[in-house]
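Here are the chains, one letter per residue:
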Amino acid sequence: MEAEALKFFIACVTAAGFGIAIAAFGCGIGQGLGLKSAVEGIARNPESSGKVTVTMIIGLALIESLVIYALIISFLLLGKI
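Residues numbered from 1 in each chain as written. Predicted model: local features only at pLDDT ≥ 70, side-chain atom pairs only at ≥ 80, totals over all residues. Heavy atoms only, no water.

Asks: How should the overall build of the chain be read in this particular structure?
Replies: When helices and strands are tallied, the chain shows two helices and zero strands. Since a compact globule built from 81 residues should have a radius of gyration of about 12 Å, the 19 Å found for the chain marks it as more spread out than a globular shape. Its C-alpha atoms give the chain principal-axis dimensions of roughly 65 × 20 × 10 Å. A buried classification covers 12% of the 81 residues belonging to the chain. Within the chain, contacts between residues at least 6 apart in sequence are counted, and of these 70% link residues at least 24 apart. In the structure as shown, the chain presents an accessible area of about 6100 Å², 76% of it carried by carbon and sulfur atoms. Of the charged side chains in the chain, 5 are positive and 5 negative, and the gap between their average positions amounts to 6 Å. (Helix = DSSP H or I, 4+ residues; strand = E, 2+ residues; numbered from the N terminus. Rg over C-alpha atoms; globule rule 2.2 N^0.38 Å. Buried < 20%, exposed > 50% of the residue type's maximum accessible area, 1.4 Å probe, protein only. Contact = heavy atoms within 4.5 Å. Areas by Shrake-Rupley, 256 points an atom, 1.4 Å probe, with all protein chains shown as cover. Lys, Arg positive; Asp, Glu negative; His and termini not counted. Charge placed at Lys NZ, Arg CZ, Asp CG, Glu CD.)

Okay, here's the thing in structure tokens:
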């Protein structure tokens, strides 16, 4: 019984690690593309920098929240919450 519990814990730790890694990778790609597009938009039309910046910050916060959800799920898998 103890060996099965250890195997389950190892599987949970592995799943949590891969989950956070994939979420962080996707978040980095998404934020990079969003920032790239915002900078290009400001370069083409400097007068719109205020609106573009506000929209970009809101979008980056929403992208980052997905990684926080993945972190919470990883903590749940590990039994820390």
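Right, picking up where we left off after that structure.
Asks: What is the right way to read the pattern of salt bridges from this model?
Replies: A side chain of one charge can pair with a side chain of the opposite charge if their charged atoms are brought near each other. If you walk through the whole model with that rule in mind, you get one salt bridge. Across the pair E40 and K36 runs a salt bridge whose closest N-O atoms are separated by 3.8 Å. Remark: K36 and E40 occur in helix α1 (residues 2-44); sequence separation between them is four residues, near one turn of the helix. Residue classification places K36 among the partly exposed residues on the basis of a relative accessible area of 46%. (Salt bridge = Lys/Arg side-chain N within 4 Å of Asp/Glu carboxyl O.)

Asks: Would you take a moment to explain helix α2 (residues 49-78) for this structure?
Replies: Each α-helix winds once per 3.6 residues, and so residues spaced three or four apart point in a common direction. Given a rise of 1.5 Å per residue, 30 residues ought to cover 44 Å, and the 43 Å separating the end C-alpha atoms of α2 matches this to within 8%. Within α2 the residues assigned to the buried category are M56, V67, A70 and S74. As for α2, its buried residues are in contact with α1. Looking one or two places after α2, you find G79, whose phi comes out positive at around 80°. (Expected span 1.5 Å × (residues − 1).)

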